[in-house]
Amino acid sequence: VELMQIMFPLDASIVTGNNTTLDDLINKKINFGIPILGQIHQAVAAVIKEKNPQLEIIPMGGDGPKAFTALLNKDIDVFTSSSPNAHEWVRKFPNQLRVLADIPFNRGFTYNGVRIENLNFFGMFVSRDATAEQKQAALDCINRAAQDPGHDEDFKKIGITPNRIQGAEKNRLLTEHIKLL
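Residues numbered from 1 in each chain as written. Predicted model: local features only at pLDDT ≥ 70, side-chain atom pairs only at ≥ 80, totals over all residues. Heavy atoms only, no water.

1. Concerning the overall build of the protein
Then, in step 1: Scanning the protein from terminus to terminus reveals seven helices and nine strands.
Then, in step 2: Taken against the 2.2 N^0.38 rule, which gives 16 Å for 181 residues, the C-alpha radius of gyration of the protein at 18 Å falls within 12% of a compact globule.
Then, in step 3: With respect to the three principal axes, the spread of C-alpha positions in the protein is 55 × 35 × 25 Å.
Then, in step 4: Relative to its 181 residues, the protein shows a buried fraction of 41%.
Then, in step 5: In the protein, the proportion of contacts linking residues at least 24 apart, taken out of those at least 6 apart, comes to 72%.
Then, in step 6: The positive charge centre, built from 20 side chains, and the negative charge centre, built from 21, are 3 Å apart in the protein. (Helix = DSSP H or I, 4+ residues; strand = E, 2+ residues; numbered from the N terminus. Rg over C-alpha atoms; globule rule 2.2 N^0.38 Å. Buried < 20%, exposed > 50% of the residue type's maximum accessible area, 1.4 Å probe, protein only. Contact = heavy atoms within 4.5 Å. Lys, Arg positive; Asp, Glu negative; His and termini not counted. Charge placed at Lys NZ, Arg CZ, Asp CG, Glu CD.)

2. Considerations on the sheet that holds strand S4 (residues 55–59)
Then, in step 1: A sheet is described by the order of its strands in space; here five strands give the open sequence S4-S3-S5-S2-S6, paired in mixed fashion. Looking along the sheet, the strands with just one partner apiece sit at the ends: S4 and strand S6 (98–103). Going from strand to strand, the sheet's axes swing by 25 degrees on average, the running direction of each strand aside.
Then, in step 2: Pairing of strand S2 (residues 12–16) with strand S5 (residues 78–82), which is carried by five bridges, proceeds in the antiparallel orientation. Bridging across to S5, Ala 12 finds its partner in Ser 82.
Then, in step 3: Along the sheet, helix H3 (residues 65–72) contacts S2 and S5; its crossing angle with S5, the most-contacted strand, is approximately 150 degrees. (Pairing = 2+ DSSP bridges. Axes fitted to C-alpha atoms, helices over the stretch in contact; angles between N-to-C directions.)

3. A look at helix H5 (residues 132–146)
Then, in step 1: Taking 1.5 Å per residue as the helical rise, H5 with its 15 residues ought to reach 21 Å, and the 21 Å between its terminal C-alpha atoms agrees with that figure.
Then, in step 2: Residues of H5 that are buried: Lys 135, Leu 139 and Ala 146. Buried residues along H5 cover an arc of 30 degrees about the axis, so they all sit on one side. Opposite the packed face of H5, turned more than 90 degrees from it, sit the exposed residues Glu 133 and Arg 144. (Expected span 1.5 Å × (residues − 1). Arc of directions from axis to C-beta.)

4. Details of the packing of aromatic side chains
Then, in step 1: Counting across every chain of the model gives three aromatic pairs.
Then, in step 2: Measuring from centroid to centroid gives 4.8 Å for Phe 68 and Trp 89, while their planes differ by 5 degrees, and the two rings are stacked. Taken together, the positions of Phe 68 in helix H3 and Trp 89 in helix H4 (residues 83–92) put the pair 21 residues apart, joining distant regions of the chain. Residues Phe 68 and Trp 89 agree in their burial class; the two are buried. (Phe/Tyr/Trp six-rings, centres within 6.5 Å; stacked < 30°, edge-to-face > 60°.)

What follows is the structure in structure tokens.
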């Protein structure tokens, strides 16, 4: 497949259901839940694991209730998720969950010598075998839908800011995304 356009860059968050701190992530035995293997969330955990070999990465089979229930039950110490999802769970359970760190898209942060990056996004992909006309038709369709007056507002209501990225910047970000994985 070929990435035609980054549609929605997503900030990520690390959420805890106990008193875990960023120092704990780097220095103590931690059960670090991730949605699934092979996503940018795994790269976040793997970078921390390089500094802290006591960290155990635990795939949770998704980004939904199962993972956050495990966090609430203290079966895992932290979980990384898209920020809109993480903040919604924290809002629902303010006495049990808290955001340990937000990781902005393409603007990670360094803590105690560990650089934590986030290049999570939803994109529009097409088959590499698609003709130039088919690729253009797909882009035209997406661009027409994005021009609908309610399109951006609907996404903003759930905490996602549409930011369609194409061309050289899309290629640069995709290359960085692949390096992280």
